[in-house]
Amino acid sequence: VVDIHAPGPLRIAAEELRYYLGELSGRPLPVVGPERADAFPGTLYRIADLKPLAATWEAMEANRRSGKIPATEVNVEHEGRQVLFKAFPYANVRFSVWAFLERQGVRWLYPDDHGDWVPAGQGVDLTCLPLHDAPSAARRYANFEMPEKSASESNDPAFLFWWRNGYNSTWGGAQRLALGG
């Protein structure tokens with residue numbers, strides 16, 4: 001579940017989640033807007049847009065202190081029949097999706113269309129939730145040129161491989177463009 005007018009990074013996070021959950025469950029899953037969510041039974045996976053809580057620096061910090069904006073980069077919660085991906089900024093939403101998928105056994109082995117491994121048909125295990133994680137290092141430095149293409153515009157596996165595997169800094173400066181800025 002993601003708003004149809006959500007920014008690119010959130011829609012791409014929803015597409016990543018849709019694809020891999022479909023592979024894990026053995027059945028296709030749609031991406032739907034909030035207005036259609038009640039029409040679907042079972043577990044709903046919702047991508048939350050927390051940007052309205054960070055309209056200004058002061059508002060963002062106040063919302064972080066109050067717990068409305070999570071303190072950890074990876075934040076996935078289970079509330080009723082919903083699995084909520086609530087993180088800010090947008091890059092952290094994708095990090096949350098990838099961390100959740102890793103807990104399901106998904107691996108990205110090399111940068112190619114067929115470079116992932118998915119335990120297809122095993123289903124989704126929600127016992128890993130809630131998932132709150134902050135990496136021990138702020139950046140995993142790639143001492144090589146990472147692709148400069150923005151992930152907010154692309155789902156190119158050659159680009160996403162590095163981000164999915166925790167590389168979030170490069171000597172080429174891709175971090176200022178990647179995952180929506």
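Here the structure is a predicted model, which means the values were calculated and not measured.

Caption draft 1: Layout of the overall build of the protein. For the protein, the helix and strand inventory stands at four helices and eight strands. For the protein, the N- to C-terminal ordering of α and β elements is α-β-α-β-β-α-β-β-β-β-α-β. Counting over 181 residues, the protein shows a buried share of 43%. Sequence-distant contacts in the protein: of pairs separated by 6 or more residues, those separated by 24 or more amount to 68%. Element-wise, carbon and sulfur atoms account for 53% of the exposed surface of the protein, whose accessible area totals about 9,400 Å².

Caption draft 2: A look at helix α1 (residues 8–25). Helix length check: α1, at 18 residues, gives a terminal C-alpha distance of 25 Å against a target of 26 Å (1.5 Å per residue), a fit within 8%. Inspection of α1 places Gly8, Pro9, Leu10, Ile12, Ala13, Ala14, Glu16, Leu17, Tyr20, Leu21, Gly22 and Leu24 among the buried residues, and these make up the whole buried set. Phi turns positive, to about 80°, at glycine 26, one or two residues after α1.

Caption draft 3: Quick look at the pairing of strand β2 (residues 74–79). Both β2 and strand β6 (residues 131–133) contribute to a ladder of three bridges, which runs antiparallel. In the strand pairing of β6, asparagine 75 is matched with histidine 132.

Caption draft 4: Main features of unusual backbone geometry. That bond from phenylalanine 88 to proline 89 is cis: its omega, 5°, falls within 30 degrees of zero. Mapped onto the fold, proline 89 is located in the loop between β3 (82–85) and α3 (90–103). Going from leucine 129 to proline 130, the amide bond is cis rather than trans, its omega being 0°. Along the polypeptide, proline 130 turns up in the loop between β5 (116–117) and β6.

Caption draft 5: Representation of the packing of aromatic side chains in the model. All told, the structure shown has six aromatic pairs when counted by the stated rule. Ring pairing ties together the aromatic residues Tyr19, Tyr20 and Trp108, which thus form one cluster.

Caption draft 6: Region of the structure containing the pattern of salt bridges. For the structure on display, the rule yields three salt bridges. Two residues, arginine 64 and glutamate 61, come together in a salt bridge whose shortest N-O distance is 3.8 Å. A residue pair is termed a helical-turn pair when its members lie 3 or 4 positions apart in one helix, as arginine 64 and glutamate 61 do in helix α2 (residues 57–66) at three residues. With its nearest N and O atoms 3.7 Å apart, the salt bridge here joins lysine 86 to glutamate 77.

Caption draft 7: Expanded view of the environment of alanine 13. Among the secondary structure elements, alanine 13 is positioned in helix α1. Sequence-wise, alanine 13 and valine 97 are 84 residues apart; in three dimensions their C-alpha atoms are separated by 6.8 Å. Beyond its immediate sequence surroundings of up to four residues, alanine 13 is in contact with Ile47, Val93, Arg94 and Val97.

What counts, and at which threshold
- Residues numbered from 1 in each chain as written.
- Predicted model: local features only at pLDDT ≥ 70, side-chain atom pairs only at ≥ 80, totals over all residues.
- Heavy atoms only, no water.
- Helix = DSSP H or I, 4+ residues; strand = E, 2+ residues; numbered from the N terminus.
- Buried < 20%, exposed > 50% of the residue type's maximum accessible area, 1.4 Å probe, protein only.
- Contact = heavy atoms within 4.5 Å.
- Areas by Shrake-Rupley, 256 points an atom, 1.4 Å probe, with all protein chains shown as cover.
- Expected span 1.5 Å × (residues − 1).
- Pairing = 2+ DSSP bridges.
- Phe/Tyr/Trp six-rings, centres within 6.5 Å; stacked < 30°, edge-to-face > 60°.
- Salt bridge = Lys/Arg side-chain N within 4 Å of Asp/Glu carboxyl O.

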